[in-house]
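Report on the structure
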Amino acid sequence: MNKTCSLRRLCNLHEYLIKQHRVIRYKSNTCNDLNSFVLYDKFICERRSQSKCSVLVQVSSENSISDLYSYCSKFGSIKNIFHYQLAGSNHFVLTEFEDQSAVNTLLDQSTHVKDSNVIAVRSPFLWFRSSASKKNSKLLSTDDKLNISFQINQTMIEPNIKNIGLEKLDSLSDQMLLLLKCTQLNDIGTRLRFLTAMQIENSLKGIFPLSKVLPFGSSVNSFGKIGSDIDLVLMDSEIKENKTSRLIYHGKCMSNSRTQIQRNIEILGDLLQLFLPGCSRVKRISQARVPIVKYSQDFVGVECDLAVSNETAVNMSELLYIFGNFDYRVRPLVFTVKMWAREINLTNDTPGRWITNFSLTLLVLFYLQQEKIIPDIQTLVKQASNSDVRITNEGINCTFLRDVSKLHKDVENKKTLDQLLLGFFEYFSTFDFNTNAISLNFGKTINKPEYSALYIVNPLEVHFNVSKNISSEEMERFRIELRNAAWIMESSLLNTNSFNLLDLFKGFDVNKKNQIVFEIQHQIKNSNRLVTVKDLFDDSQTQEDKRLT
Ligand code: GTP
Ligand code: MG
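Thresholds applied
- Residues numbered from 1 in each chain as written.
- Chains lettered and ligands numbered in written order.
- Predicted model: local features only at pLDDT ≥ 70, side-chain atom pairs only at ≥ 80, totals over all residues.
- Heavy atoms only, no water.
- Helix = DSSP H or I, 4+ residues; strand = E, 2+ residues; numbered from the N terminus.
- Buried < 20%, exposed > 50% of the residue type's maximum accessible area, 1.4 Å probe, protein only.
- Contact = heavy atoms within 4.5 Å.
- Areas by Shrake-Rupley, 256 points an atom, 1.4 Å probe, with all protein chains shown as cover.
- Pairing = 2+ DSSP bridges.
- Axes fitted to C-alpha atoms, helices over the stretch in contact; angles between N-to-C directions.
- Arc of directions from axis to C-beta.
- 1 Å grid on protein atoms, 1.4 Å probe; cavity = no way out; pocket = protein on both sides within 12 Å on 5 of 7 lines; lining within 4 Å.
- Points joined across faces, edges and corners; volume = space filled by probe spheres on them.
- Nonpolar A, V, L, I, M, F, W, Y, C, P; charged D, E, K, R; others polar.
- UniProt positions renumbered as here; feature names shortened; annotations may be inferred.

As for the overall build of the protein chain
Counting its regular elements, the protein chain contains 17 helices and 12 strands. Counting only residues that meet the buried cut, the protein chain has 49% of its 549 residues in that class. Pairs at least 24 apart in sequence give 68% of the contacts found in the protein chain among residues at least 6 apart. Of the roughly 29,500 Å² that the protein chain leaves accessible, carbon and sulfur atoms contribute 51%.

Okay, structure coming up:
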C-alpha cells in the first residue's frame, strides 16, 4: 500500500514538473511580466506612429502583392507587409513604410475614381488597379523577402475553439495558455484598429488640428480578442501654447454639456455615413449614458463604437493594461473566464441585463487581488509620482502609478493556472453578493452602498457601480453557473487528475451529475450525510487503491 502511494506521489510529482516546465517555458517566451513591462503611453505612441506610416490597400488577389510591393516601393522603403482576406474573397494588404513621409507622398500621388457620384476623400484606405501592362510588375526577389517582414494570410477571424487542439493537451494550465495564444488580438488586428482610429483622426485634422482618435477598451487593455469590437474615443491633445507667437487662432466657445456631446455624435455619425470609405451601418446612439456612434469598418471587418471625450475610459484601459501585464497568469485566466461565460451564454454581444465582459474582467482581477498576485489600486495610487497625476476634463482623478516595474517584487503566490481557475469559481460560488460590494481600490469587499444584484465599485469613479445593469435573474443564473463550473472542475480534477477545458465550455450536464450522485449515494450506504465532491474523490481513490494493491 505504501509502495503504491509513493508511486502515485512520484507520478503526480512528475506530472506536476512537466506542467511547471511547460508553463515556465511559455512564461519565458512572452513579454508578459514586469521585467519587460512597456509603459501604456509608449505602447500607444508606438502603435499610433505605426499607423501613420501605414496604408491599407485592397487587391484583387494574393498574386497582386508583389506588384503592389514594387509599385509602393517607389514612395519609400517598406518595412512590413501583411496580407489578409475577409469573407467575400476580398484581399487586403496592410503596408507599413519606414517613414511617414512615404505615406504622404503616396497619398498625394494617388487618384480618385472619375465618377461624379463618388465623393473624393483622402484616407489611408485605397484599392490597387491592375496594371495595363504586366511588364512593370516584378516578382518579389529573395532579397526583398529577406528585407521586409512579409506575412500572408493573417488571421482576422476568431478560430473555433473546438479546432485549436485543446483536447490534445493534458494539463489544464497549458490549455488555458493555448486558448489565450489562439484567440488573443494579434499584431495585425492591433495595427488595423489603430489605422481605423487614424482614418477618423485624419478626416478631422484640417478643422480640428488637435483632435486625436484613440482606441480604448479591450483593443488596448491587453484583454482583447481577435474580432472583438473597437472602442474609439475622439479627444483633444493637450494644448502646448506657444508664448512667443503673437497670432492666435480665433475660436468658438463650446460647452461640454450633454446636449453638445449629443450634437457632436450626430455630426460624427453624418461624417462617417456620408464621407468615410468602408464605414457602413452607422447608428447614432445619442441617448445612451455615454452617447456613441456605432458603425462597421468593412475593410477591417469589425464593429466600432465611437465616443467623444471619454477620458476616464482611456485611463480605465491603462489600469487594466497594467494589471494584464502584471503577472503572466492574469491574461489566460481572464480569457478563460470570458470564454466560459460566452460559451454558456452568460454574456451576450448586445448590452442588456446580463453580466458584461468588463464586469467579468474586474471580478477576475478582484480574485487575483485576494490571491495577492496583483496589488490593490490604493497601492498604485500611493506610489504615484508627479508624472502620474491625471485629472480628466470632467474632474475625475485618474492618478495611479503607471510604471509598475518600479513595484516589482517576486509574487509569493505560485499557484498554477488550473488552481486559480478552480479557485475563481470556488471563491465566487460562496461569495455573499447580497451584502458585499467588490472594491478593487481596497482589494476587499465593502458593504453595498445601495441595492444592486451585483455591485462592483467603479475603480475610477468610485460612486458608480459598473455592474448596475445586471438583473436579479441574471445574477442568479451567474451564481448557479459559478457553482456548476466549480462542481464540474472539482469532480473531474479530483477523480481523474485531468480536465478538458471544452467540458467547462459545454456547460452543465444535469443528467451526468445526477448519474454520478446516484452512484455515490448507492455506494455510501447507511450514511445520512449529503453527497459531496470529496465523497466522489474518496470513493474513486478507494477503488484505485484496491486496483493497485
Ligand atoms: P469586449 O467585450 O472585448 O469588447 O470588452 P471591452 O472591455 O472592450 O468592453 P466594452 O466594449 O463593453 O467596453 C469598452 C470599455 O468601456 C471597457 O473596457 C471599460 O473601460 C468601459 N466600460 C464598459 N462598460 C462599462 C460600464 O458599465 N461602466 C463603466 N464605467 N465603464 C465601462
Ligand atoms: Mg470593447
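Alright, that's what it looks like, and here's the rest.
Focus: the sheet that holds strand E2 (residues 78-86)
Taken in spatial order, the five strands make up an open sheet running E4-E1-E3-E2-E5, and their pairing is mixed. The open sheet terminates on both sides in strands that have one partner only, identified here as strand E4 (125-127) and strand E5 (149-151). Within the sheet, the average angular offset between the axes of one strand and its neighbour, ignoring direction, is 20°. Running at roughly 145° to E2, helix H3 (residues 65-72) makes contact with strand E1 (54-59), E2, strand E3 (90-97) and E5 of the sheet. Strand contacts of helix H7 (residues 187-205): E1, E2, E3 and E4, with the helix running at about 95° to E2, the strand carrying the most contacts.

A short note on helix H4 (residues 100-109)
Two residues of an α-helix separated by three or four positions point the same way, owing to the 3.6 residues in each turn. Within H4 the residues assigned to the buried category are Ala 102, Val 103, Leu 106 and Leu 107. For H4, the arc enclosing every buried residue in end-on projection is 130°, short of the 170-degree limit, so these residues lie on one face. In H4, the exposed positions angled more than 90 degrees off the buried face are occupied by Asp 108 and Gln 109. Next to the buried residues of H4 lie helix H2 (40-52), E1, H3, E3 and E4.

Focus on empty space enclosed by the protein
Within the structure shown, the criterion is met by one cavity of 30 Å³ or more. Within this model, the largest cavity holds a volume of roughly 80 Å³. Forming the boundary of the largest cavity are Thr 155, Met 156, Leu 185, Asn 186, Gly 189, Leu 192, Arg 193, Ile 226, Gly 227, Ile 230, Val 300 and Val 302. With three residues, H7 is the largest single contributor of residues to the lining of the largest cavity. Of the residues contributing to the lining of the largest cavity, the split by class is seven nonpolar, four polar and one charged.

Topic: the pairing of strand E9 (residues 292-297)
Taken across its six residues, E9 has five buried, putting it largely inside the fold. With five bridges connecting them, strand E8 (residues 279-285) and E9 associate as antiparallel partners. Considered in E9, the bridge of Arg 284 is made with Val 293. Hairpin connection, E8 to E9: the antiparallel pair is bridged by six residues. Here E9 runs beside strand E10 (residues 302-308); their pairing, made up of six bridges, is antiparallel. Residue pairing across strands places Gln 297 opposite Val 302, the latter belonging to E10. The turn joining E9 and E10, which pair antiparallel and follow one another in sequence, is formed by four residues; a positive phi near 75° is taken by Gly 301.

Regarding the UniProt feature "domain: RL" (unreviewed entry) in the protein chain
Those residues carrying the UniProt feature "domain: RL" (unreviewed entry) are residues 45-110 in this numbering. As annotated, residues 45-110 comprises 39% helix and 35% strand, and the C-alpha atoms at either end are separated by 27 Å.

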